[in-house]
Amino acid sequence: MDLKKERVEDYLQSLYGEDLELISMRRMGETIPTTGDVKGFGYGSPLLLEYRLGDDQGSAVLSTMRVQYGFGHDHFSDRAQVLIWQHSAFGNLPEHVRSLDVGYFNGEGRLVSCGEAQEYFLLMERVEGSEYFFDLERIKEEGVSDLDLKRVVALSSYLAEIHKVKRDCPSLWQRKIRDIVGHGECIMGILDDYPESPAFLDPDELCEIEKRCVEWRWKLRGMTDRLCQVHGDFHPWNVMFGEGSKFTVLDRSRGEWGEAADDITAMTMNYIFYSVQKSRHLSGGLKDLFELFFQNYLEKSGDEDLLKVIAPFFAFRAVVVASPTWYPLLSDDVRRTLFNFLENVLNDDEFDYMNLNNYMR
Ligand SMILES: Nc1ncnc2c1ncn2[C@@H]1O[C@H](COP(=O)(O)OP(=O)(O)OP(=O)(O)O)[C@@H](O)[C@H]1O
Ligand SMILES: [Mg+2]
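Residues numbered from 1 in each chain as written. Chains lettered and ligands numbered in written order. Predicted model: local features only at pLDDT ≥ 70, side-chain atom pairs only at ≥ 80, totals over all residues. Heavy atoms only, no water.

Asks: Looking at this model, I keep getting lost on the sheet that holds strand β8 (residues 239–241). Mind explaining?
Replies: Hydrogen bonds along the backbone pair up the strands of a sheet, which may run parallel or antiparallel. If you walk across this open sheet you meet the three strands as β6-β8-β9, and the pairing is antiparallel. Strands with a single pairing partner mark the edges of an open sheet, and in this sheet they are β6 (130–131) and β9 (247–249). With two bridges connecting them, β6 and β8 associate as antiparallel partners. For S130, the partnering residue across the bridge sits in β8 and is F241. Sitting on the sheet, helix α4 (residues 146–162) is in contact with β8 and β9, with an inclination near 40° to β9. (Pairing = 2+ DSSP bridges. Helix = DSSP H or I, 4+ residues; strand = E, 2+ residues; numbered from the N terminus. Contact = heavy atoms within 4.5 Å. Axes fitted to C-alpha atoms, helices over the stretch in contact; angles between N-to-C directions.)

Asks: What am I meant to see in the domain arrangement of the protein chain here?
Replies: Frequently, the measure chosen for interface size is the accessible area removed from exposure when the parts meet. Splitting the protein chain by domain gives domain 1 (5–113) and domain 2 (130–360). Placing a centre on the C-alpha atoms of domain 1 and another on those of domain 2 gives a separation of 43 Å. Opposite the seven residues of domain 1 that make contact, domain 2 presents seven residues. For the pair domain 1 and domain 2, the two sides together bury roughly 490 Å², of which 47% comes from carbon and sulfur. When the buried area of domain 1 at its contact with domain 2 is split by residue, Y69, D74 and H75 rank highest and sum to 74% of it. For the interface between domain 1 and domain 2, the tally reads two salt bridges. (Domains from an automatic or database assignment. Buried area = accessible area lost by both parts, 1.4 Å probe. Salt bridge = Lys/Arg side-chain N within 4 Å of Asp/Glu carboxyl O.)

Asks: Can you walk me through the environment of F290 in this structure?
Replies: Within the secondary structure layout, F290 lies in helix α9 (residues 284–301). Look at F290 and you get buried, because its relative accessible area is 0%. C-alpha of F290 to C-alpha of N270: the two residues are 20 residues apart in sequence and 9.0 Å apart in space. When residues no more than four places from it in sequence are discounted, the contact partners of F290 are T268, Y271, I272, L282, F314, F351, Y353 and L356. (Buried < 20%, exposed > 50% of the residue type's maximum accessible area, 1.4 Å probe, protein only.)

Asks: Help me understand the pairing of strand β3 (residues 56–62), please; the structure alone is not making it clear to me.
Replies: On any regular strand, side chains alternate: one points to one face of the sheet, the next to the other face. Two strands pair when backbone bridges link them, and strand β2 (residues 47–53) and β3 are joined in this way by seven bridges, in the antiparallel orientation. Its bridge partner lying in β3, R52 is registered against Q57. From the end of β2 to the start of β3, which pair antiparallel, there are two residues, and G54 there has a positive phi angle of about 65°.

Asks: Looking at this model, I keep getting lost on the coordination of the magnesium ion (ligand 2). Mind explaining?
Replies: As a benchmark, a tetrahedral metal site with four donors has ideal angles of 109.5 degrees, while an octahedral site with six donors has ideal angles of 90 or 180 degrees. Distances from the magnesium ion (ligand 2) to its protein donors, N238 (OD1) and D251 (OD), fall within 2.0 to 2.1 Å. Of this pair, N238 sits in the loop between β7 (228–229) and β8 while D251 sits in the loop between β9 and β10 (257–258), and the two are 13 residues apart along the sequence. Residue classification places D251 among the partly exposed positions, given a relative accessible area of 48%. (Donors = N, O, S within 2.8 Å, 3.2 Å for Na, K, Ca; no water.)

Asks: How should I be thinking about the pattern of salt bridges in this particular structure?
Replies: Side-chain pairs of opposite charge can arise whenever the charged atoms involved come near each other. Going through the model one piece at a time under the given rule, you end up with 27 salt bridges. Across the salt bridge formed by R138 and D135, the nearest N and O atoms sit 3.7 Å from each other. Placement of both R138 and D135 in helix α3 (residues 132–142) is noted, with a separation of three residues, approximately one turn of the helix. When its relative accessible area of 28% is taken as the criterion, R138 is described as partly exposed. Taking the relative accessible area as the measure of exposure, D135 reaches 5% and is therefore buried. For D179, the salt bridge is made with R175, and the minimal N-O distance between the two is 3.6 Å. Taken together, the residues D179 and R175, both in helix α5 (residues 170–182) and four residues apart, mark about one turn of the helix. By the burial criterion, D179 is buried, and R175 matches it.

Asks: Whenever I open this one, the packing of helix α7 (residues 205–220) against helix α12 (residues 332–346) confuses me. Can you help?
Replies: The angle between the axes and the distance between the axes are what describe a pair of packed helices. Where α7 meets α12, the closest approach of the two axes is 10 Å, and the angle between their N-to-C directions is 30°. Regarding α7 and α12, the two cross each other, and that crossing is left-handed. The segment α7 lies against α12, with E205, L206, I209, R212, C213 and W216 engaging R336, F339, L342, E343 and L346. Partitioned by chemical class, the residues of the contact of α7 with α12 number seven nonpolar, no polar and four charged. (Left-handed = near helix turned anticlockwise from the far one by under 90°. Nonpolar A, V, L, I, M, F, W, Y, C, P; charged D, E, K, R; others polar.)

Asks: Even after reading the chapter, I still don't get a nonpolar patch on the surface, so can you show me in this structure?
Replies: On the surface, L15, Y16 and L100 cluster together into a nonpolar patch covering about 250 Å² of accessible area. You can see L100 is positioned in the loop between α2 (76–89) and β4 (103–105). Taking the relative accessible area as the measure of exposure, L100 reaches 46% and is therefore partly exposed. (Patch = residues over 30% accessible without salt bridge, like charges linked within 9 Å, V, L, I, M, F, W, Y side chains within 5 Å. Areas by Shrake-Rupley, 256 points an atom, 1.4 Å probe, with all protein chains shown as cover.)

Dropping the structure here:
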């Protein structure tokens with residue numbers, strides 16, 4: 001992209017006043033300043049800007065982040081996160097260069113300040129309907145209706161459809177596998193939030209679980225061809241049903257590309273969870289929905305390898321529903337059953353969804 005001199009001048013004038021004049025721009029480390037546009041401006045190389053403001057001369061350094069995959073800088077929002085943080089932190093450390101502003105380039109190459117931002121918000125359409133967890137509350141008490149079966153087919157078919165879209169980007173795959181274990185919203189982050197030595201866990205149990213998950217990470221990180229389009233947080237509080245089996249999903253999370261098992265476990269963990277709350281194992285209508293979900297998904301996707309990679313994703317969803325923070329009212333007995341489930345699944349090379357209760361011991 002060519003960085004237009006007038007765009008930079010407009011921006012500096014928006015900060016320092018209309019009578020500012022941009023004299024030159026020069027890549028740091030280069031000797032010859034340019035009085036025109038910066039050709040082939042590549043993100044990542046800082047620019048020295050020199051300007052005149054009335055009788056005074058001034059200068060500033062315009063810094064951006066290199067656009068590259070890996071190191072968690074894959075998305076523009078990752079790079080924005082780093083710069084927004086730098087703007088808020090530079091001035092807090094003695095002897096550290098001060099940040100004057102932070103902003104973004106828009107589609108026309110205009111520089112726009114967002115230095116005043118204190119917190120960000122998202123404005124979205126309003127969705128009419130009711131959250132799917134209400135269905136599970138009802139099913140737990142009253143059993144399954146024909147509509148409930150149709151809704152499970154609709155949900156698992158939807159996932160089979162979106163997961164068909166594949167992407168060849170090994171670093172995004174490795175990021176997903178790294179995140180499921182180490183991200184603050186995933187296994188390590190959730191376990192860090194657990195109380196110290198709760199009665200339903202043995203002393204080193206959480207550490208042993210993390211070790212198993214790291215071993216699974218090294219087993220999966222080479223399976224880059226599995227990278228596909230995902231929702232990322234496909235649980236019953238993020239699905240709103242309208243009439244019949246028509247639904248809208250909310251709250252996509254942690255990247256557009258990932259592992260299909262992440263979406264499958266986000267939903268199916270809840271059929272297990274609602275049943276275990278009632279009977280310490282998977283039974284009745286919830287068992288029928290769980291098995292139908294897998295049967296329909298595997299039939300529609302043809303993804304037999306899913307069962308060989310699903311374990312750490314079930315472990316993530318199980319530590320969330322067993323969490324004293326997220327679900328404070330559960331008995332230790334229910335939490336213990338959920339931990340038996342996740343540890344047995346982590347110790348099994350291929351998940352056997354038709355004999356789920358074998359994992360509860
Ligand atoms: N666009 C929307 N239209 C209608 N209801 C909404 C909408 N967005 C959120 N809600 C309601 O607010 C609830 C919480 O919203 P949201 O999912 O964004 O929060 P959250 O705290 O991020 O939850 P989580 O990360 O656990 O999914 C949803 O379960 C839904 O009931
Ligand atoms: Mg949500």
